[in-house]
Amino acid sequence: MSEGANPDATDESIPEGLTAEDLRLGKKASRSIDIACVVAFAACVAIAAFVFLNVPWDTRMPYSGRFGRNGIIAPIALFPTLVVLFGFWRSGKKPDAHHMRKGSRVGSYVLGTAIIAACVYFQSIFAGSILEAADYGR
C-alpha cells in the first residue's frame with residue numbers, strides 16, 4: 001500500500017480518501033435524491049399535463065418588458081423546470097455520483113432537496129399564472 005492510500009481499503013474499488021461506509025452512505029444519499037427527482041418530475045409532468053389540457057395553445061403570458069409586448073406562449077413556460085429536474089436526476093447517474101464524504105452527503109440532502117422542492121414550487125407558480133392568463137375556472 002502506498003503512502004497516503006486509504007488504510008480502510010480492502011480492495012482497489014474504494015477510491016482514495018473514502019471509506020466503505022462513505023460509499024455506502026453516499027449510495028443511499030444518491031439514491032434518495034434520485035427518487036425525489038423522479039417523484040418531483042412526475043408531479044411537474046402532471047401539473048404540465050393539467051395545464052396543457054385546460055389552456056388554449058394561443059394563450060400568452062402577460063409581459064410588458066423591453067423586448068416585446070406579445071409575451072411567451074404560455075404552455076411552453078412549463079418546460080424549463082422539467083429540463084432542470086431531468087438534468088439533476090442525470091447527474092446522480094454518473095458512475096462516481098456516490099463518492100461522497102459527510103459534508104457532501106449533508107449538502108446533497110439539503111441543497112438537493114431544496115432544488116427539487118423549488119422546481120415543484122416554481123412549476124406550480126408558472127401553472128397558476130398560465131391558468132390565470134387563460135381565465136381558467138371563471
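Scroll up a little and you will see the structure.
Let me begin by describing the structure that accompanies this report. Because the structure is predicted, anything quoted here is derived from the model rather than measured. (Residues numbered from 1 in each chain as written. Predicted model: local features only at pLDDT ≥ 70, side-chain atom pairs only at ≥ 80, totals over all residues. Heavy atoms only, no water.)

Structural notes on the packing of helix H1 (residues 20–54) against helix H3 (residues 102–133)
So, step 1. Between H1 and H3, the shortest axis-to-axis distance is 10 Å and the interhelical angle comes to 0°. One finds that H1 runs roughly parallel with respect to H3.
So, step 2. For the contact of H1 with H3, the class distribution of residues is 18 nonpolar, 7 polar and 3 charged. (Axes fitted to C-alpha atoms, helices over the stretch in contact; angles between N-to-C directions. Helix = DSSP H or I, 4+ residues; strand = E, 2+ residues; numbered from the N terminus. Parallel < 35°, antiparallel > 145°, perpendicular 65-115°, else oblique. Nonpolar A, V, L, I, M, F, W, Y, C, P; charged D, E, K, R; others polar.)

Looking at the environment of Phe 122
So, step 1. For Phe 122, the position within the fold is in helix H3.
So, step 2. Assessed through its relative accessible area of 45%, Phe 122 is described here as partly exposed.
So, step 3. Placed 78 residues apart in sequence, Phe 122 and Cys 44 show a C-alpha to C-alpha distance of 9.5 Å. (Buried < 20%, exposed > 50% of the residue type's maximum accessible area, 1.4 Å probe, protein only.)

What to know about the packing of aromatic side chains
So, step 1. Within the structure shown, the criterion is met by 3 aromatic pairs.
So, step 2. Measuring from centroid to centroid gives 5.9 Å for Phe 52 and Phe 79, while their planes differ by 40°, and the two rings are tilted. You can see Phe 52 sitting in helix H1 and its partner Phe 79 sitting in helix H2 (residues 79–91), a full 27 residues away along the chain.
So, step 3. For Phe 52, a relative accessible area of 25% gives the class partly exposed. (Phe/Tyr/Trp six-rings, centres within 6.5 Å; stacked < 30°, edge-to-face > 60°.)

As for the packing of H2 against H3
So, step 1. It is the contact of H2 with H3, at a shortest axis distance of 10 Å, that shows an interaxial angle of 160°. Put simply, H2 runs roughly antiparallel to H3. At the point where H2 passes H3, the crossing takes the left-handed sense. Contacts between H2 and H3 involve Thr 81, Leu 82, Val 84, Leu 85 and Phe 88 from the first element and Gly 112, Ile 115, Ile 116, Cys 119, Gln 123 and Phe 126 from the second.
So, step 2. Looking at side-chain class alone, the contact of H2 with H3 contains 8 nonpolar, 3 polar and no charged residues. (Left-handed = near helix turned anticlockwise from the far one by under 90°. Contact = heavy atoms within 4.5 Å.)

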